[in-house]
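What the coordinates show
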Amino acid sequence: MRKLFCIFVAGVWTLFCFPLAILAMLLTLNPSRSVWVARELWSPVLLWAGGAKLEVIGQENVDPNRPTIYVANHQSTIDIPAHFLAVPIPFRYVAKTQLKWVPLIGWYLALAGHVFINRSNRSKAIASLNAAAAKIRGGTSIFLYPEGTRSTDGRVLPFKKGPFALALKARVPVCPVTIEGSGDLMPKSTWNITPGPIRVKIGKPIDTTTFAENDREGLARAVRAVIIADSLSLGGKGGDVDDAVAAAGAEGVSDARARALSSP
């Protein structure tokens, strides 16, 4: 019953809120109004429908006056409304370019100025990262999921290096964000709902100027180590500290493991 209720509420409320967000942007000529709609109207109702109780720790580490890249682990579709509420600034998400062609959602993301990354085309991906870096230097904060996919068992997966190239290019702080409980409430690839707590911990910003301009792996490891530690402190499963970096073109598989599997 909860599953059907959540599907109904999510569908109806999204069909109401996303056109409203588009209208708000067009009337005010302010893309940030769309984020207000997502945070104040859309997200609370989705969490309520799922029976989620959101707890946020470390919100003092969010500075609305400083462009920042927020980097989080990813367990569930419901992470998105949870993060809109947990990080109360008008950030933009980094999304797969395929979402651009989804009716309504794609229109909303494009008009609101969210960043699309084409992972299948390296030159287009680099161009997207350059555009995103310019947006960040202009004062816009970005939120992204460097695992590239949702974890199926709650463990923190290896991180892709691309998002950290963006951080080093923009030279703005990276703020680790850890989420726990969302994967239990709504696991990957299912609408089966088990009401419960969702805990979000926002870590202290990491200064990217202390890393060399090409040290994507070093920055990825540093951010991921914080998220693993915070996952464990929140009662989560953490992750393998050594398998930190994802293999090229893969999601959820570390570079070290990919090499081991390919060796004779």
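All values reported here derive from a predicted model rather than from experimental measurement.

About the thresholds
Residues numbered from 1 in each chain as written. Predicted model: local features only at pLDDT ≥ 70, side-chain atom pairs only at ≥ 80, totals over all residues. Heavy atoms only, no water. 1 Å grid on protein atoms, 1.4 Å probe; cavity = no way out; pocket = protein on both sides within 12 Å on 5 of 7 lines; lining within 4 Å. Points joined across faces, edges and corners; volume = space filled by probe spheres on them. Nonpolar A, V, L, I, M, F, W, Y, C, P; charged D, E, K, R; others polar. Helix = DSSP H or I, 4+ residues; strand = E, 2+ residues; numbered from the N terminus. Contact = heavy atoms within 4.5 Å. Phe/Tyr/Trp six-rings, centres within 6.5 Å; stacked < 30°, edge-to-face > 60°. Buried < 20%, exposed > 50% of the residue type's maximum accessible area, 1.4 Å probe, protein only. Lys NZ or Arg CZ within 6 Å of the ring centre and 35° of its normal. UniProt positions renumbered as here; feature names shortened; annotations may be inferred. Pairing = 2+ DSSP bridges. Right-handed = clockwise from strand over helix to strand, strands pointing away.

1. Side note on the layout of surface pockets
Estimates place the volume of the second largest pocket at around 200 Å³. Around the second largest pocket, the lining is made up of 15 residues, and of these Gln 75, Asp 153, Gly 154, Gly 183 and Asp 184 lie nearest the centre. When its residues are assigned to classes, the lining of the second largest pocket shows 1 nonpolar, 8 polar and 6 charged.

2. Things to note about the environment of Val 174
Of note, Val 174 is situated in strand E6 (residues 174-180). If sequence neighbours within four positions are ignored, Val 174 has contacts with Ile 69, Val 71, Ala 167, Lys 204, Pro 205, Ile 206, Thr 208, Leu 219 and Val 223.

3. A few points about the packing of aromatic side chains
Within this structure, the stated rule accounts for 14 aromatic pairs. Measuring from centroid to centroid gives 6.4 Å for Trp 42 and Phe 84, while their planes differ by 85°, and the two rings are edge-to-face. One end of the pair, Trp 42, is in helix H2 (residues 32-49); the other, Phe 84, is in helix H3 (residues 79-86), and 42 residues separate them in sequence. Comparing Trp 42 with Phe 84 shows no difference in burial state: the two are buried. Ring plane angle 90° and centroid distance 5.3 Å describe the contact between Phe 84 and Tyr 93, whose orientation is recorded as edge-to-face. A cation over an aromatic ring shows up here: Arg 33 above the ring of Trp 36, its NZ or CZ 5.4 Å from the ring centre. One Lys or Arg, Arg 224, reaches over the ring of Phe 159 and ends 5.9 Å from the middle of that ring.

4. Description of unusual backbone geometry
Notably, Leu 29 is not glycine yet its phi reads approximately 55°, a positive angle. Given a relative accessible area of 74%, Leu 29 falls into the exposed group. The residue Ser 189 is not glycine, and still its phi comes out positive at about 60°.

5. A look at the UniProt feature "transmembrane region" (unreviewed entry) in the protein chain
With numbering aligned to this structure, UniProt lists the feature "transmembrane region" (unreviewed entry) at residues 101-117. End C-alpha to end C-alpha, residues 101-117 measures 13 Å, and it is 47% helix and 18% strand.

6. Quick look at the pairing of strand E3 (residues 92-96)
With 2 bridges joining them, E3 and strand E5 (residues 142-144) adopt parallel strand pairing. Bridged to Arg 92 within E5 is Ile 142. Bridging between E3 and strand E4 (residues 115-117) involves 3 bridges; their strand directions are parallel. Considered in E4, the bridge of Ala 95 is made with Phe 116. Between the parallel pair E3 and E4, the chain is carried across by helix H4 (residues 105-112), and the sense of this crossover is right-handed.

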